[in-house]
Amino acid sequence: MNLKLLKLLSDNARYTNREIAVMIDMSEQEVENEIKQMEQDGLIRGYKAVIDWERLDSAKVSAIIELRVAPQPDAGFEDIARKVMKYDEVESVYLMSGGYDLCVLVKGKTFQEVAMFVAKQLAPMKFVLSTSTHFVLRRYKELDIELYDNASDDRGRMSLC
Amino acid sequence: MLDYNSILNPTVIGMKPSGIRKFFDIAEEMKDVISLGVGEPDFQTPWHIRQAGIASLEEGKTRYTSNWGLKELRVAIAKYMQEQNNVKYNPNDEILVSVGGSEAIDAAIRAIVSPGDEVLIPQPSFVCYDPITRLAGGVPVIISTTAENEFRLTAEELKAHITPKTKALILPFPSNPTGAVMRRQDLCQLAKVLEGTEIMVISDEIYSELTYGGEKHVSIASIGNMRERTIIVNGFSKTYSMTGWRLGFACGPAPVLSQMTKIHQFAIMSAPTTAQYAAIEALKNGRPDVEAMVEEYDMRRRMIVDGFCQMGLGCFEPKGAFYVFPCIKSTGLTSEEFCEQLLYSKQVALVPGVAFGESGEGYLRASYCYSVSHIKEALARIGEFVEILKK
């Protein structure tokens, strides 16, 4: 496992193997092999683009749902988490410390759609004690990438020092 | 109307108004320019360092410090010099906190140079040594370093320029603009030439933390008996991304530093207080930040060197600072012509090598204080330009 390589990929998964090879002093072949291996091992789970959906008319709505769940003997929160994550509407599921148990990120086309998904699918699930829905109003930063402003370079363009 | 030319100091009037200024102004004004022209880190000052500056303000630490700088900071600098360079300095009278490395260079030259004294300046190098020497009445003696020697200063070159009037040698490594570093064996050779003379060394080590490829910076003060004739200039700007804080320091023998501190005391009083508190934090807890930044610079360095080599503009592998210095002699253009045409046709801003001295002619300086995606875009455009030149 090559941490430098992983860090580069997590910064920007679209670097070519050649670019990565140059930057961390490996051969292109070695980079290709290592990535392939990490994909096979399941260490690398996928690659995605960070998109500012708000710029599009077909904007998406998302919400964070706090689920309080009754833990089950032997299975704890595991079973319910695995059931929740199977819905296409669900983007992420995390087991949390603190005031509630599962944090569920849900996406949909409209507020109504998300609300109905929670009401009809999540809330009635067995062992779910309560839900609390928080809609996302605006995204400023996602996965280390700023969505709000284009950062400007205040250094000027030329200097001798 | 007054005849200002007869009033003003002729030495100042005679200082070259850096011909490059005009080109810079054009680059600043032009639209959609992608620049590799700035020699200043793109990283922000690490947050905990900024926080230390803010905290000092909240605590009301808003007054002058000692002329020498805060004692706590000088103690931290002494510890740092011992650990990084293996040279001991007494924080009481051998360390001066200055307004950036620049002020320390100025004070060092003014403390040493009398009218008529010669100061040896290896070039290509940063542009301040020559005018400051002239202001002190000194005579700059340029030593041209060459690509064949990877822009290192050799003992032969040094020896060939020493005269009875030689007072000081400026040793600006790691180098802006070439990225060259001096290895221990190179410094030992210089030391042999200098020992037994009365020549002082002003070692501008502002890029000392930014070295790549495993070999760490070596200070000439740590070689043989060189400490007694060396003034080390360093600072926080490049190491900790603190350019705007304006904080540097000088270390050297007490008799020299006490004279420099007199100059500092009359011209400056004391370095900025807020910056000094931030600098204490930087020295105490900034090591992981420096390591992370160096790792990032190193990846960019590899990428940009590879990029220039791919397009047929050979450049030796820079081992320090954050610049590459590719050779453009194969294009038949001067460095200014190249940069101007590149700017107009592809909107990429680079600094012509000649801006750093005649021996920089035939080279470009590209900085990699930019994100990888920014560097990639600039390289792609430069590559297109070079292809057009080949036709």
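Is there a simple way to think about the sheet that holds strand β9 (residues 323-324) of chain B in this case?
Adjacent strands of a sheet pair through backbone hydrogen bonds, lying either parallel or antiparallel. Residue and element names in this part refer to chain B. The three strands are arranged β9-β12-β11 in an open sheet whose pairing can be described as antiparallel. Edge positions in the sheet fall to β9 and β11 (351-352), since each of these pairs with one other strand and no more. Note that β9 and strand β12 (residues 364-367) share two bridges and pair antiparallel. When the sheet's bridge partners are listed, Val324 is paired in β12 with Ala366.

What am I meant to see in the domain arrangement of chain B here?
Interfaces are often sized by the accessible area lost when the parts come together. All names here are of chain B. You can read the domains of chain B as domain 1 (4-45 + 288-390) and domain 2 (47-285). Here the C-alpha centroids of domain 1 and domain 2 sit 24 Å apart. Facing 35 residues of domain 1, the contacting portion of domain 2 comprises 39 residues. Carbon and sulfur atoms supply 62% of the area that domain 1 and domain 2 bury against each other, a total of about 3,000 Å² over both sides. Applying the counting criterion to the domain 1 and domain 2 interface returns zero salt bridges. Put simply, the parts of the chain that give the side of domain 1 that touches domain 2 at least two residues each are α2 (10-14), α12 (287-310) and β9.

Whenever I open this one, unusual backbone geometry confuses me. Can you help?
For residues other than glycine, phi is negative in most cases, and the peptide bonds are mostly trans. Residues and elements named next belong to chain B. Note that the residue after Gln123, namely Pro124, is joined by a cis bond; omega there is 0°. Secondary-structure assignment places Pro124 in the loop between β3 (118-123) and α7 (129-135). Residue Pro177 is bonded to the preceding Asn176 through a cis peptide linkage, with omega at 20°. Within the fold, Pro177 resides in the loop between β5 (166-171) and α9 (184-194). Even without glycine at this site, Phe151 takes up a positive phi of about 60°. Given a relative accessible area of 2%, Phe151 falls into the buried group.

Can you help me understand α9(B) in this one?
Because each turn of an α-helix spans 3.6 residues, side chains separated by three or four positions in sequence point in the same direction. All names here are of chain B. Of all the residues in α9, the buried ones are Asp186, Leu187, Leu190, Ala191, Val193 and Leu194. Down the axis, α9 shows its buried residues gathered within 160° of arc, on one side only. As for α9, its buried residues are in contact with α8 (155-161), β5 and β6 (200-204). Of the residues one or two after α9, Gly196 is the one with positive phi, at around 90°.

Help me understand a nonpolar patch on the surface in this model?
Residue and element names in this part refer to chain B. Taken together, the side chains of Met1, Leu2, Tyr4, Ile7, Leu8 and Ile13 make up a nonpolar region of the molecular surface, amounting to roughly 710 Å² of accessible area. Note on placement: Tyr4 falls in helix α1 (residues 4-7). For Tyr4, a relative accessible area of 44% puts it in the partly exposed group.

The rules behind the values
Residues numbered from 1 in each chain as written. Chains lettered and ligands numbered in written order. Predicted model: local features only at pLDDT ≥ 70, side-chain atom pairs only at ≥ 80, totals over all residues. Heavy atoms only, no water. Pairing = 2+ DSSP bridges. Helix = DSSP H or I, 4+ residues; strand = E, 2+ residues; numbered from the N terminus. Domains from an automatic or database assignment. Contact = heavy atoms within 4.5 Å. Buried area = accessible area lost by both parts, 1.4 Å probe. Salt bridge = Lys/Arg side-chain N within 4 Å of Asp/Glu carboxyl O. Buried < 20%, exposed > 50% of the residue type's maximum accessible area, 1.4 Å probe, protein only. Arc of directions from axis to C-beta. Patch = residues over 30% accessible without salt bridge, like charges linked within 9 Å, V, L, I, M, F, W, Y side chains within 5 Å. Areas by Shrake-Rupley, 256 points an atom, 1.4 Å probe, with all protein chains shown as cover.

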